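One-letter residues, chain by chain:
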Amino acid sequence: DVKVTQSSRYLVKRTGEKVFLECVQDMDHENMFWYRQDPGLGLRLIYFSYDVKMKEKGDIPEGYSVSREKKERFSLILESASTNQTSMYLCASSTPPEGGFNEQFFGPGTRLTVL
Amino acid sequence: AQTVTQSQPEMSVQEAETVTLSCTYDTSESDYYLFWYKQPPSRQMILVIRQEAYKQQNATENRFSVNFQKAAKSFSLKISDSQLGDAAMYFCAYSRLGNTGTASKLTFGTGTRLQVTL
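Residues numbered from 1 in each chain as written. Chains lettered and ligands numbered in written order. Predicted model: local features only at pLDDT ≥ 70, side-chain atom pairs only at ≥ 80, totals over all residues. Heavy atoms only, no water.

Caption draft 1: Up close: the overall build of chain B. A count of helical and extended segments in chain B gives zero helices and twelve strands. Along chain B, helices (α) and strands (β) appear in the sequence β-β-β-β-β-β-β-β-β-β-β-β when read from the amino end. What you see for chain B is a C-alpha radius of gyration of 14 Å, in line with the 13 Å of a compact globule of 118 residues. If one aligns the C-alpha atoms of chain B with their principal axes, the spans along those axes are about 45 × 30 × 25 Å. (Helix = DSSP H or I, 4+ residues; strand = E, 2+ residues; numbered from the N terminus. Rg over C-alpha atoms; globule rule 2.2 N^0.38 Å.)

In structure tokens, the structure reads:
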């Protein structure tokens, strides 16, 4: 079974802190994704990566950066956390589309609260 | 840009009954994929069912089936014989066919919370 793990289930940080959210997948997937999930807004893509050291902005990249130094690990960084970044953060991974379809596998999520 | 709309924030169904969750989408692509994902309370999101746009036949997975209307850009999920374990948030999602070297991004709807009652 594919396993996607995230470093924390719950995290509380103060405004202005630098925050690291870690995601690890064990299936040698090429693609990894960071979403934030907010009530009434669904899941919105922050950043994704299709290869080591490669990254692309998603729909809401402002205030975030990412790092992918190893294939299995994709980190989301909040350089200076703000209260409007309080949210549930979901990581996902997938195989590249050879012939089209590739299923995304999700981690359990990190609920981040910024005070 | 593609958009996915789920107009039902909450739905309720009695155990053993059938429920249909609605989803519409907008795209200018002719080939794409549609998905329904399930997010149980405090548990990981999992794929329920997918549909390839080029296939006219509606996808089915056990008690889950879809009604895919390409011209109307509609993609509803039917859950038959509902069970307590079906209670979850359900997300409709869209993906265009990816190109080599880039990921197939998912565009999600806002979700429908399904409650299953005894």
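Caption draft 2: Fine view of the pairing of strand E6 (residues 46-52) of chain B. Most of E6(B) sits out of view: five of its seven residues are buried. The loop that links strand E5 (residues 32-39) of chain B with its antiparallel partner E6(B) comprises six residues; one of these, B:Ser42, has a positive phi angle of about 60°. (Buried < 20%, exposed > 50% of the residue type's maximum accessible area, 1.4 Å probe, protein only. Pairing = 2+ DSSP bridges.)

Caption draft 3: Structural detail: the environment of A:Ser87. All names here are of chain A. Counting through the fold element by element, Ser87 comes out in strand E9 (residues 87-94). Owing to a relative accessible area of 4%, Ser87 belongs among the buried residues under this scheme. Distance in space between the C-alpha atoms of Ser87 and Ser7 is 16 Å, their sequence separation being 80 residues. If sequence neighbours within four positions are ignored, Ser87 has contacts with Arg36, Gln37, Asp38, Thr110, Arg111 and Leu112. Within polar-contact distance, the side chain of Ser87 engages the backbone oxygen of Gln37 at 3.1 Å. (Contact = heavy atoms within 4.5 Å. Polar contact = N/O pair within 3.5 Å; in protein donor to acceptor, adjacent residues only side chain to side chain.)

Caption draft 4: Main features of the sheet that holds strand E8 (residues 73-78) of chain A. Residues and elements named next belong to chain A. In space, the four strands of this open sheet follow the order E1-E3-E8-E7, with antiparallel pairing throughout. Of all the strands in the sheet, the pair left with one neighbour each is strand E1 (4-6) and strand E7 (65-70). In this sheet, adjacent strand axes meet at a mean angle of 20° when their direction is disregarded. Relative to strand E3 (residues 19-25), E1 is paired through three bridges, and the arrangement is antiparallel. (Axes fitted to C-alpha atoms, helices over the stretch in contact; angles between N-to-C directions.)

Caption draft 5: Molecular detail of the packing of aromatic side chains. Throughout the structure, instances matching the rule amount to 16 aromatic pairs over all chains. Between B:Tyr32 and B:Tyr94 the ring centres are 5.3 Å apart and the planes differ by 35°, which places this aromatic pair in the tilted class. A residue pair is termed long-range when its members are at least 10 positions apart, and B:Tyr32 in strand E5 and B:Tyr94 in strand E10 (residues 88-96) qualify at 62 residues. With respect to burial, B:Tyr32 and B:Tyr94 carry one shared label: buried. Here the aromatic cluster, defined as three or more aromatic residues joined through ring pairs, consists of A:Phe33, A:Tyr35, A:Phe48, A:Phe106, B:Tyr33, B:Phe35, B:Tyr37, B:Phe91 and B:Phe108. (Phe/Tyr/Trp six-rings, centres within 6.5 Å; stacked < 30°, edge-to-face > 60°.)

Caption draft 6: Quick peek at the nonpolar core. Judged by nonpolar contacts, the single largest core of 25 residues is most densely connected at B:Tyr25, B:Trp36, B:Phe75, B:Leu77 and B:Tyr90. With four residues, E10(B) is the largest single contributor of residues to this core. (Core = buried A, V, L, I, M, F, W, Y, C linked by side-chain atoms within 4.5 Å.)

Caption draft 7: Focus on unusual backbone geometry. All names here are of chain B. A positive phi angle, near 60°, is found at Ser42, a position not held by glycine. The class for Ser42 is exposed, based on a relative accessible area of 63%. With phi around 55°, Lys73 is a residue other than glycine that occupies positive phi space. Looking at where Lys73 falls in the secondary structure, it is placed in the loop between strand E8 (64-69) and strand E9 (74-79). Residue Lys73 is classed as partly exposed on the basis of its relative accessible area of 26%.

Caption draft 8: Up close: the environment of A:Gln25. Residues and elements named next belong to chain A. Looking at where Gln25 falls in the secondary structure, it is placed in strand E3. Measuring from C-alpha to C-alpha, the distance between Gln25 and Ala92 comes to 8.4 Å, with 67 residues separating the pair along the chain. Not counting chain neighbours up to four residues away, the residues in contact with Gln25 comprise Lys3, Val4, Met32, Arg68, Lys71, Glu72 and Ser93. Within polar-contact distance, the side chain of Gln25 engages the backbone nitrogen of Asp28 at 3.2 Å. Among the polar contacts made by the side chain of Gln25, one reaches the main-chain carbonyl oxygen of His29 at a distance of 3.0 Å.

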